[in-house]
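Each chain, letter by letter, is given below.
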Amino acid sequence: MESVQIKNYGTGVTLIQIDRKEIRNAINEQVMDELNQALTLAERDASCIVVISGSGERAFCSGGDLSVFQYLKTEKQAKEMLLKMGAILERLAFFPKVTVAALNGTAVGGGSELATACDLRIAAPHVKLGFVQGELGITTGWGGSSLLFERVTNQIALDMLLSARMYSTDELYKQGFVHKVIYNASFLEGVIEYLESYFLQNKGVLQAYKARLLDQLDRPNIHRNIQNEIKDCAKLWETDVHHEAVRAFLNRS
Ligand SMILES: CC[C@H](C(=O)O)C(=O)SCCNC(=O)CCNC(=O)[C@H](O)C(C)(C)COP(=O)(O)OP(=O)(O)OC[C@H]1O[C@@H](n2cnc3c(N)ncnc32)[C@H](O)[C@@H]1OP(=O)(O)O
């Protein structure tokens, strides 16, 4: 795999890292395919916790790769891509092992959706996260808003989506989107050290508690919600407002 790295730590953690730091770990179709492959490997390995992160210190993930997705012009073209990543985030949301988004840096757009699909979110102090899709004239389109309403209160979720603004680590912690802030000089080492405190119980305990979490989630209903989200995003994708916003980003000086 070239755009996604997977590493199994002996401590029971498997780390899946998007490795495109030169473009802030933006997600293209190759990243989607490799994320799927990595999840399959992680599901079968001896780990009991899967950590999702981004390479470098600047960004966790900057969402869809606009340099390629700018060529998706129609609702149909957009919907195909959205369904592909939506299925991956739904798989992640219902993954049989505990999943953790290790927010090493900025998370925007689909990057915020990727973080939302994990069970837990641990952040470095400098993180900024935002569902910026609104500024591009679209909504989330990978399942992020459907899943956000499962992670925080409806009021907080709606405020994050409607404002499309960036939130700091402190704000994310206060509103319960992030549950732990790691101040270690080496963020990932700090994350793994923290997760090791979970391993005082055996793997069966962690899997059982993950199953309790999944018992809370109505998968058929969430699947339906994600399909509706994708349908609405694909419609908005086709608008001139969206295409102009993407052009503006790519042509910014
Ligand atoms: C359904 C999901 C939905 C979709 O697929 O469309 C979305 O995810 S919508 C949201 C799409 N993402 C964005 O709008 C974020 C765009 N990026 C930024 O706002 C910034 O890059 C930021 C805040 C992530 C980081 O800012 P920073 O100043 O640290 O870096 P630069 O902006 O200078 O970027 C460095 C370099 O990376 C390229 N880049 C960054 N993000 C993307 C991206 N999402 N797609 C493609 N390329 C991206 C940026 O153009 C710079 O390249 P360079 O050649 O050096 O100019």
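Here's what I pulled together on the structure shown here. (Residues numbered from 1 in each chain as written. Predicted model: local features only at pLDDT ≥ 70, side-chain atom pairs only at ≥ 80, totals over all residues. Heavy atoms only, no water.)

### Some remarks on the overall build of the protein
A tally of regular secondary structure across the protein gives eleven helices and ten strands. Whereas a compact globule of 253 residues would reach a radius of gyration of roughly 18 Å, the protein reaches 17 Å, a difference of no more than 12%. If one aligns the C-alpha atoms of the protein with their principal axes, the spans along those axes are about 55 × 40 × 35 Å. Taken over 253 residues, the protein has a buried fraction of 51%. For the protein, the proportion of contacts with a sequence separation of at least 24, taken over those separated by at least 6, is 74%. (Helix = DSSP H or I, 4+ residues; strand = E, 2+ residues; numbered from the N terminus. Rg over C-alpha atoms; globule rule 2.2 N^0.38 Å. Buried < 20%, exposed > 50% of the residue type's maximum accessible area, 1.4 Å probe, protein only. Contact = heavy atoms within 4.5 Å.)

### Some thoughts on a nonpolar patch on the surface
On the surface, Phe149, Leu158 and Leu162 cluster together into a nonpolar patch covering about 300 Å² of accessible area. Relative to the helices and strands, Leu158 resides in helix H6 (residues 154–163). (Patch = residues over 30% accessible without salt bridge, like charges linked within 9 Å, V, L, I, M, F, W, Y side chains within 5 Å. Areas by Shrake-Rupley, 256 points an atom, 1.4 Å probe, with all protein chains shown as cover. Salt bridge = Lys/Arg side-chain N within 4 Å of Asp/Glu carboxyl O.)

### Side note on the sheet that holds strand E3 (residues 49–54)
The six strands lie next to each other as E1-E2-E3-E5-E7-E10, forming an open sheet whose pairing is mixed. Looking along the sheet, the strands with just one partner apiece sit at the ends: strand E1 (4–9) and strand E10 (180–181). Pairing of strand E7 (residues 120–123) with E10, which is carried by two bridges, proceeds in the parallel orientation. Note that in E10 the partner of Ile122 across the bridge is Lys180. Along the sheet face, helix H4 (residues 110–117) touches strand E2 (13–18), E3, strand E5 (98–103) and E7 and points at about 145 degrees away from the line of E5. (Pairing = 2+ DSSP bridges. Axes fitted to C-alpha atoms, helices over the stretch in contact; angles between N-to-C directions.)

### Quick notes on the packing of helix H3 (residues 75–93) against H4
Close contact between H3 and H4 brings their axes to 8 Å; oriented N to C, the two are set at 25 degrees. On the basis of their axis angle, the class for H3 and H4 is roughly parallel. For the pair H3 and H4, contact is made by Leu89, Leu92 and Ala93 and by Glu113, Leu114 and Ala117, respectively. (Parallel < 35°, antiparallel > 145°, perpendicular 65-115°, else oblique.)

### A word on the sheet that holds strand E6 (residues 106–108)
Pairing within the open sheet is mixed, and its four strands lie in the order E4-E6-E8-E9. Of all the strands in the sheet, the pair left with one neighbour each is strand E4 (59–61) and strand E9 (167–168). The pairing of strand E8 (residues 128–130) with E9 spans two bridges and is classified as antiparallel. Paired with Leu129 across the two strands is Tyr167, which belongs to E9.

### So, the site of the ligand
Lining the immediate surroundings of the ligand are 25 residues, of which Arg24, Ser62, Gly64, Leu66 and Gly110 lie closest. In this structure, an oxygen atom belonging to the ligand sits 2.9 Å away from a main-chain N or O atom of Gly64. Taken by itself the ligand offers 1000 Å² of open surface, and the protein chains cover 71% of this. When residues of the shell around the ligand are traced back to their parent elements, those giving at least two are helix H2 (66–69), H3 and H4. Element by element, the count of residues in the shell around the ligand is highest for H2, at three residues. Partitioned by chemical class, the residues of the shell around the ligand number eleven nonpolar, eight polar and six charged. (Near = heavy atom within 4 Å. Polar contact = N/O pair within 3.5 Å; in protein donor to acceptor, adjacent residues only side chain to side chain. Nonpolar A, V, L, I, M, F, W, Y, C, P; charged D, E, K, R; others polar.)

### A closer look at the pattern of salt bridges
According to the stated counting rule, one finds ten salt bridges in the structure shown. When the shortest N-O distance is used, the salt bridge between Asp45 and Lys97 registers 3.0 Å. Here Lys97 lies in the loop between H3 and E5 and Asp45 lies in the loop between helix H1 (29–44) and E3, a separation of 52 residues in the sequence. In this structure Lys97 comes out as buried when scored by relative accessible area, which is 3%.

### Let's talk about the pairing of E3
Of all six residues in E3, six are buried; the element is thus mostly enclosed. Residues of E3 alternate between two faces, with Ile49, Val51 and Ser53 on one and Val50, Ile52 and Gly54 on the opposite face, all of them buried. Crossover handedness for the path E2 to H1 to E3: right-handed. (Right-handed = clockwise from strand over helix to strand, strands pointing away.)

### Considering the environment of Met85
For Met85, the position within the fold is in helix H3. Residue Met85 is classed as buried on the basis of its relative accessible area, which comes to 0%. With sequence-adjacent residues up to four places away left out, Met85 is seen in contact with Ile27, Met32, Leu35 and Trp142.

### Points about the environment of Gly130
Mapped onto the fold, Gly130 is located in strand E8. Classification of Gly130 as buried rests on a relative accessible area of 0%. As for Gly130 and Ser112, which are separated by 18 residues in sequence, their C-alpha atoms are 6.3 Å apart. The contact partners of Gly130, leaving out residues within four places of it in the chain, are Ala107, Val108, Gly109, Ser112, Arg165 and Met166.

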